[in-house]
Amino acid sequence: MRVKYILMEKKSYKLKMKNIKFLLLSLFIFSCSKNEESAIQNENKISKKIIVDSQKIAKKDKSDFIYSKKHKPNFLFSDFDGDGEKDSAIIVKNLKNGKFGLKFHFANGKKEILGAGKDVLKQGFDDFNWIGVFEIAKKGEVYWNNVNDEGEIITEDSIIEKLPKVTLPNNAVLIHQLESCGGGVIYLDKDKFNWIQQE
């Protein structure tokens, strides 16, 4: 009889432990889902705040330009003017004519837009809609125009050796068509933008 009683106690103890484990597991799952819900709610609040803030800025700015949704990435941060401060280059769309441009914001407050309907550094185009590669070209890298006056790509080493080379004085913007020919490096030298053709 005593053995039966001990066995019943063990079964009862095991059953109680299973119930406790189930209860703890249920509490854990419930608390995790609450934390996840809370995180999602916080993320939604932050997203709504960003949207509201950007709408306020747009109303104050009354700009004819919006950040491009077509291009990924559509912004770069770097020191483009050599003052040691972070500047930005952003692909923007001109709402008046639908053309894309590069908007530079400098740490000193200066802003400049290339393209978006205005000729880009005498290159014969005014729209950056074709950008597929948008990245930083590093200060100190050496570039040269690798296309001749007839539009042909220069590949002969003997000709390349004679071409004038540019060592970038600051970080610059490298743009190129995706999986195609056509692009260049835009760099700032002595407060003047310059273009180096890259095919």
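As the structure is a prediction and not an experimental result, all values here were calculated from the model.

Draft legend 1. Spotlight on the overall build of the chain. The secondary structure content of the chain amounts to two helices and 11 strands. N-terminal to C-terminal, the α/β element order of the chain is α-β-β-β-β-β-β-β-α-β-β-β-β. Residues counted as buried form 29% of the 199 residues belonging to the chain. As presented, the chain carries roughly 14,300 Å² of accessible surface, and 57% of it is formed by carbon and sulfur atoms.

Draft legend 2. Highlighting the nonpolar core. In this structure, Leu102, Phe104, Phe128, Phe134, Val173, Ile175 and Ile186 are the most contacted members of the largest nonpolar core, which totals 20 residues. Counting residues per element, the ones that place at least two in this core are strand S3 (87–94), strand S4 (100–105), strand S9 (172–176), strand S10 (183–189) and strand S11 (192–197). When residues of this core are assigned to their parent elements, the largest contribution, three residues, is made by S4. Once residues within four sequence positions are removed from consideration, Val173 is found in contact with Leu76, Phe80, Ala89, Leu102, Phe104, Phe134, Glu135, Gly184, Val185 and Ile186. By size, the runner-up hydrophobic cluster in this structure holds eight residues, among which are Leu168, Ala172, Val185 and Ile196.

Draft legend 3. Region of interest: the pairing of S11. Among the six residues of S11, five are classified as buried, and the element is accordingly described as predominantly covered. Note that S10 and S11 share six bridges and pair antiparallel. Bridged to Tyr187 within S11 is Asn194. Between the antiparallel neighbours S10 and S11 lie two residues, among them Lys190 with a positive phi of about 55°.

Draft legend 4. Seen up close, the environment of Gly183. Mapping Gly183 onto the fold places it in strand S10. In this structure the C-alpha to C-alpha distance between Gly183 and Ile196, which are 13 residues apart in sequence, comes to 8.6 Å.

Draft legend 5. Molecular detail of the environment of Asp189. As for its placement among the helices and strands, Asp189 is situated in strand S10. Residues Asp189 and Pro169, 20 residues apart in the sequence, show an inter-C-alpha distance of 6.6 Å. Discounting chain neighbours no more than four positions away, the residues touching Asp189 are Pro169 and Asn194.

Draft legend 6. Seen up close, unusual backbone geometry. Residue Pro73 follows Lys72 across a cis peptide bond; omega there is -5°. Relative to the elements of secondary structure, Pro73 occurs in the loop between strand S1 (65–67) and strand S2 (75–78). Non-glycine residue Ala116 carries a positive phi angle of around 55°. Here Lys122, not a glycine, exhibits a phi torsion of approximately 60°, which is positive. The topology assignment puts Lys122 in the loop between strand S5 (111–115) and strand S6 (133–137). Given the relative accessible area of 78%, Lys122 is considered exposed.

Draft legend 7. Structural context of the pattern of salt bridges. As enumerated under the stated definition, the model contains two salt bridges in all. Taking the shortest distance from any N to any O, the salt bridge between Asp64 and Lys96 comes out at 3.3 Å. Taken together, the positions of Asp64 in the loop between helix H1 (2–61) and S1 and Lys96 in the loop between S3 and S4 put the pair 32 residues apart, joining distant regions of the chain. Measuring nitrogen to oxygen at the nearest pair gives 2.8 Å for the salt bridge that ties Lys99 to Asp126. Of the two residues, Lys99 sits in the loop between S3 and S4 while Asp126 sits in the loop between S5 and S6, which places them 27 residues apart along the sequence.

Draft legend 8. Quick look at the side chain of Asn171. Its location among the elements puts Asn171 in the loop between strand S8 (166–167) and S9. Assessed through its relative accessible area of 16%, Asn171 is described here as buried. For Asn171, the side chain forms a polar contact with the side chain of Ser78, separated by 2.7 Å. A distance of 2.8 Å separates a polar atom in the side chain of Asn171 from the backbone nitrogen of Lys139. In this structure, Asn171 is in contact with Ser78, Asp79, Phe80, Ile136, Ala137, Lys138 and Lys139, ignoring residues within four places of it in sequence.

The rules behind each value
- Residues numbered from 1 in each chain as written.
- Predicted model: local features only at pLDDT ≥ 70, side-chain atom pairs only at ≥ 80, totals over all residues.
- Heavy atoms only, no water.
- Helix = DSSP H or I, 4+ residues; strand = E, 2+ residues; numbered from the N terminus.
- Buried < 20%, exposed > 50% of the residue type's maximum accessible area, 1.4 Å probe, protein only.
- Areas by Shrake-Rupley, 256 points an atom, 1.4 Å probe, with all protein chains shown as cover.
- Core = buried A, V, L, I, M, F, W, Y, C linked by side-chain atoms within 4.5 Å.
- Contact = heavy atoms within 4.5 Å.
- Pairing = 2+ DSSP bridges.
- Salt bridge = Lys/Arg side-chain N within 4 Å of Asp/Glu carboxyl O.
- Polar contact = N/O pair within 3.5 Å; in protein donor to acceptor, adjacent residues only side chain to side chain.

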